[in-house]
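Spelled out, the chains give:
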Number of protein chains: 2
Amino acid sequence: MEGYVQFLALLVSALLVGFISVVFSLVWVFQYRGGLSWDGSAQEFNWHPILIITGFVFIQGIAIIVYRLPWTWKCSKLLMKFIHAGLNTIAMILAIVSVVSAFDFHNAGNIPNMYSLHSWIGLAAIIGYAIQLFSGLAVFLLPFAPMPIRAALMPIHVFSGLTIFATVIATALMGITEKLLFSLQNPSYSSSPPEAIFVNCLGLLLVIFGALILWMASRPHWKRPPEDSVKILRPIGGTREGKEAESSVTDGSNANKSELKINSEAARKQNFRLDEAGQRSTM
Amino acid sequence: MEGYVQFLALLVSALLVGFISVVFSLVWVFQYRGGLSWDGSAQEFNWHPILIITGFVFIQGIAIIVYRLPWTWKCSKLLMKFIHAGLNTIAMILAIVSVVSAFDFHNAGNIPNMYSLHSWIGLAAIIGYAIQLFSGLAVFLLPFAPMPIRAALMPIHVFSGLTIFATVIATALMGITEKLLFSLQNPSYSSSPPEAIFVNCLGLLLVIFGALILWMASRPHWKRPPEDSVKILRPIGGTREGKEAESSVTDGSNANKSELKINSEAARKQNFRLDEAGQRSTM
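Notes on the structure follow. (Residues numbered from 1 in each chain as written. Chains lettered and ligands numbered in written order. Predicted model: local features only at pLDDT ≥ 70, side-chain atom pairs only at ≥ 80, totals over all residues. Heavy atoms only, no water.)

### Notes on the interface of chain B and chain A
(1) Moving on: Contact with chain B, which involves 40 residues of that partner, is made by 40 residues of chain A.
(2) Moving on: When chain B packs against chain A, the two sides together hide about 3,600 Å² of surface, and 74% of this comes from carbon and sulfur.
(3) Moving on: Remark: the boundary between chain B and chain A carries 0 salt bridges.
(4) Moving on: Counting every contact that joins chain B to chain A gives 6 residue pairs in polar contact (both at pLDDT 80 or more).
(5) Moving on: Broken down by secondary-structure element, the contributors of at least two residues to the side of chain B that touches chain A are α5 (117–141), α6 (147–183), α7 (194–218), α9 (240–247) and α10 (259–276) of chain B.
(6) Moving on: When the residues that make up the side of chain B that touches chain A are grouped by side-chain class, the tally is 24 nonpolar, 8 polar and 8 charged. (Contact = heavy atoms within 4.5 Å. Buried area = accessible area lost by both parts, 1.4 Å probe. Salt bridge = Lys/Arg side-chain N within 4 Å of Asp/Glu carboxyl O. Polar contact = N/O pair within 3.5 Å; in protein donor to acceptor, adjacent residues only side chain to side chain. Helix = DSSP H or I, 4+ residues; strand = E, 2+ residues; numbered from the N terminus. Nonpolar A, V, L, I, M, F, W, Y, C, P; charged D, E, K, R; others polar.)

Below, the structure is given as structure tokens:
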């Protein structure tokens, strides 16, 4: 894998930033907002930021890059599809529970639902995510969709996934803004009490996490090699296909490079061709 | 150009949605918020949403996709770089004036500056945009940077540009949320008066505009063909290079296709190789 150390460093950074974001959401709720309950009170609402940040941001982010972990490339594509779909399903369930907690809190306190831009875009993101999940299952996981359909829908699936992920983070930032304005009254948000500074930092962490995931997900040379080309190329690393691919991205001094390197480079090049024709069904 | 009609439809949609967003910001300010002035009042603040949506969202969005307009491919690369840099400079100036109007309004009313997540992420976006603009000028417009530096920085320039653009839209959504919560008191935001519905729709339009721009900017087959390959390939459309490139994305029935089509397809394929090696300096 080209840039393996860089990939690892980014992965560790993303996991760290994502994990710290979840911890920050817990500290926010337990340190400043009275903890958790499920009784229609503000403590029930507190599930909302925790579950959104844990599920809809952190777990969704991991689901996006799970195909790119190079140590999973020896696992079957089907297994990885199940992991990708499974993580997204967990994220979806947590997001739904999270929304229920917000609605419960509103209903118990006679606060209207669905009036804010946060709620409009958040609901659109959840509906989009559900469509993405079910269409992904139907087209890419179940064996019925013919290759041309998979090929045509793959670029849309990838783009929609990344756009929904970015939209979820934007919605979380709006939610943080709303919550701080509502709950910080004395001292107010504008007087920058410790909670305001702390939760603003949580918002910054979410943006950094999003940028790290999107960078990893959009580097073409970190794509999982497609199974067909791995199967074809592994036993014949020195084929014309493999050598041509390799020579186009190096200076020609390939003598000392291992067959594995040639195989993975060739597979990577192969990805480009398949992607362009929409023939792959991974990120 | 592959998918020319689809590109045109998306471009018209993006221009329309962007233009309607600017009109919506004007209607918001003049219909509901008392118009514009420059005297430290709330009317001075009103420049903030108008200039952000016009400059930092709409003009920046156009600047991002300006290389992709196929009728500009006959213009020199240098001219297109000037247009790209010029539009981004205009966006930067409008964003700075917009921030000054918000600070002036705060200072005149003894409202603290820079306490909200909106202001933190907004300032980070403006600083990032300034770095992007000056590094872009220094590396890609001025003739001093050697090719390896340009090649290494191009993927970062592209990713940063798109990430800043998405961050600006997220910041605008936070700003809308703040402004509606502050200014809608009787009736309140939560009672969904016409202004709330109208400005929520503006927020949705910004998300749609962002998604359209990011889709157009991230389709590899809509990239501007690099000048070198156009020069090389135009007179020799039937070369091995051109034919190989074409055959890899079609069913082989190329007999009736024009030389221009073969040239542009070959140029597009060439883009992939150059991009992978980081050899191009356009979006």
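### What about the side chain of B:Arg219?
(1) Moving on: Topologically, B:Arg219 is positioned in the loop between α7 and α8 (227–233).
(2) Moving on: For B:Arg219, a relative accessible area of 10% corresponds to the buried category.
(3) Moving on: Polar side-chain contacts of B:Arg219 include one of 3.2 Å to the backbone oxygen of B:Trp215.
(4) Moving on: When neighbours within four sequence positions are excluded, B:Arg219 is seen to be in contact with A:Pro155, A:Phe159 and B:Arg68. (Buried < 20%, exposed > 50% of the residue type's maximum accessible area, 1.4 Å probe, protein only.)

### Digging into helix α3 (residues 47–65) of chain A
All names here are of chain A.
(1) Moving on: An ideal rise of 1.5 Å per residue puts 27 Å on 19 residues; α3 measures up with 26 Å between its terminal C-alpha atoms.
(2) Moving on: The largest bend along α3 reaches roughly 25 degrees and is located at Ile 59.
(3) Moving on: For α3, the tally of buried residues reaches 17 of 19 residues, placing the bulk of the element in the interior. (Expected span 1.5 Å × (residues − 1). Bend = angle between axes of the 7 residues up to and from the residue.)

### Here we look at the environment of B:Glu178
(1) Moving on: Within the secondary structure layout, B:Glu178 lies in helix α6.
(2) Moving on: For the pair B:Glu178 and B:Ser116, spaced 62 residues apart in sequence, the C-alpha to C-alpha distance is 9.2 Å.
(3) Moving on: If near-sequence neighbours (up to four positions away) are discounted, B:Glu178 is found in contact with A:Thr177, A:Leu181, B:Ser116 and B:His118.
(4) Moving on: In terms of polar contacts, B:Glu178 uses its side chain to reach the side chain of B:Ser116, at 2.9 Å.

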